Amino acid sequence: MRFCSISSGSNGNCTFIETGEQRLLLDIGLSARQIETLLKAKGIDPGTITAVFVTHEHSDHTKGVGVWCRRYKVPVMATAGTWKGMEKAIGPVPPELRFEITSGRGYRMSDLRIEAIPTSHDANDPCAYTVESKGCKASVITDTGYITETMIRHLFDSDIAIVESNHDLNMLMNGSYPDSLKKRIRGNLGHLSNDDCGKALALVRRRNANGVFLLGHLSEENNRPPLALETVEHIVEEADGSFGAIGLTSRGASTDMYEI
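Residues numbered from 1 in each chain as written. Predicted model: local features only at pLDDT ≥ 70, side-chain atom pairs only at ≥ 80, totals over all residues. Heavy atoms only, no water.

Caption draft 1: Spatial organisation of the packing of helix α8 (residues 194–204) against helix α9 (residues 225–238). The geometry of α8 relative to α9 is characterised by a closest axis approach of 8 Å and an angle of 35 degrees between their N-to-C directions. In terms of crossing hand, the pair formed by α8 and α9 is right-handed. For the pair α8 and α9, contact is made by Asn194, Asp195, Cys197, Gly198, Lys199, Leu201 and Ala202 and by Leu227, Ala228, Thr231, Val232, Ile235 and Val236, respectively. Partitioning the contact of α8 with α9 into residue classes produces eight nonpolar, three polar and two charged. (Axes fitted to C-alpha atoms, helices over the stretch in contact; angles between N-to-C directions. Helix = DSSP H or I, 4+ residues; strand = E, 2+ residues; numbered from the N terminus. Left-handed = near helix turned anticlockwise from the far one by under 90°. Contact = heavy atoms within 4.5 Å. Nonpolar A, V, L, I, M, F, W, Y, C, P; charged D, E, K, R; others polar.)

Caption draft 2: The arrangement of the sheet that holds strand β9 (residues 127–133) in detail. Sheet architecture is open: seven strands sit in the order β7-β8-β9-β10-β11-β12-β13, paired in mixed fashion. The open sheet has two free edges, formed respectively by β7 (106–109) and β13 (246–248), since each of these has just one partner strand. The average undirected angle you get between the axes of adjacent strands in this sheet is 20 degrees. Helix-sheet contacts for α8 involve β11 (160–164) and β12 (212–216), and the interaxial angle to β12 is about 170 degrees. (Pairing = 2+ DSSP bridges.)

Caption draft 3: Focus on the side chain of Ser103. Within the secondary structure, Ser103 is located in the loop between β6 (98–101) and β7. The exposure class assigned to Ser103 is buried, which follows from its relative accessible area of 18%. Setting aside residues no more than four positions away along its own chain, Ser103 makes contact with Thr79, Ala116, Ile117, Pro118, Asp125, Pro126 and Cys127. (Buried < 20%, exposed > 50% of the residue type's maximum accessible area, 1.4 Å probe, protein only.)

Caption draft 4: Geometry of the pattern of salt bridges. Applying the stated criterion across every chain, the model contains eight salt bridges. Where Glu18 meets Arg23, a salt bridge forms, and the shortest distance between an N and an O atom there is 3.1 Å. The exposure class of Glu18 is buried, given its relative accessible area of 15%. For Arg23, a relative accessible area of 16% gives the class buried. With its nearest N and O atoms 2.7 Å apart, the salt bridge here joins Arg184 to Asp122. Taken together, the positions of Arg184 in helix α7 (residues 179–186) and Asp122 in the loop between β8 (112–118) and β9 put the pair 62 residues apart, joining distant regions of the chain. Exposure remark for Arg184: the relative accessible area of 29% places this residue in the partly exposed category. Judged by its relative accessible area of 31%, Asp122 falls in the partly exposed class. Members of the salt-bridge network, linked through shared partners, are Arg2, Glu18 and Arg23. (Salt bridge = Lys/Arg side-chain N within 4 Å of Asp/Glu carboxyl O.)

Caption draft 5: Structural view of the sheet that holds strand β1 (residues 2–7). Judged by pairing direction, the sheet is mixed, and its seven strands sit side by side in the order β6-β5-β4-β3-β2-β1-β14 without closing on themselves. Sheet topology places β6 and β14 (258–259) at the edges, where each strand pairs with a single neighbour. Of the pairings in the sheet, the one linking strand β2 (residues 14–18) to strand β3 (residues 23–26) comprises four bridges and is antiparallel in character. Bridge pairing in β3 links Ile17 to Leu24. Strands in contact with helix α4 (residues 80–90) are β5 (76–79) and β6; relative to β5, the strand with the most contacts, it is inclined by about 110 degrees.

Caption draft 6: Spatial organisation of α4. Within α4, the full set of buried residues consists of Gly81, Thr82, Trp83, Met86 and Ile90. Taken together, the buried residues of α4 touch α2 (59–62), α3 (65–72), β5 and β6.

Caption draft 7: Local environment of the packing of aromatic side chains. Applying the stated criterion to the full structure yields two aromatic pairs. Taking 5.5 Å as the distance between ring centres and 70 degrees as the angle between the ring planes, the aromatic pair formed by Phe53 and Tyr129 counts as edge-to-face. One end of the pair, Phe53, is in strand β4 (residues 51–53); the other, Tyr129, is in strand β9, and 76 residues separate them in sequence. We note that Phe53, like Tyr129, is buried. (Phe/Tyr/Trp six-rings, centres within 6.5 Å; stacked < 30°, edge-to-face > 60°.)

Remember that the coordinates give geometry; whether it matters functionally is a separate question.
As structure tokens, this is what we get:
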């Protein structure tokens, strides 16, 4: 399995996962042209993508979905609520390329199994995803107000995962956002803070000391990559035990390609 965060953050999100027979994009939150450029920089032919899975309807996850689907004739998978929320914004999708999935269920696609995990976010029917193939597992868990036991269970046996570390609470509360937006971000339908992410990974490390974990969906306004990394590593270190690599994703730029 190959895994790469193509972009992660409030300006646009996209993750690439490749198995022996499938090449997936989880979300296309930048323009199709931007994603094409980022994929080509990694040596990936955009025309070889076999399916797109969408987590929820917000534009930083769906901006390029419609154009991509129409240009490359690839199927798009999303929950019924997500389809309802995004269909006007992304434009027409041919019926034969439109597939509804159910959050909480797993699906087989040739050599992989992908599972949609319910998240808690201010969207119609949002989800995160895990992908398993030939004994390898990758997870992408962002845009959720809190971490559930199901998410932790999936992280326990993930070889690689993106976990949301959206904001530093002090930066958020002392920043320029209106109070209503601050309340939304820190609420149960909002986003995970650096502290939330650290506490979750401190639990995960008890069962998974070798996984690679990338901090994702960092806020440009209310976070800084070094601060997110320092906060999460400190919380995990205080849990007193070994832990696998912790890294960062980038806004509008890809990470290294991981092979697991």
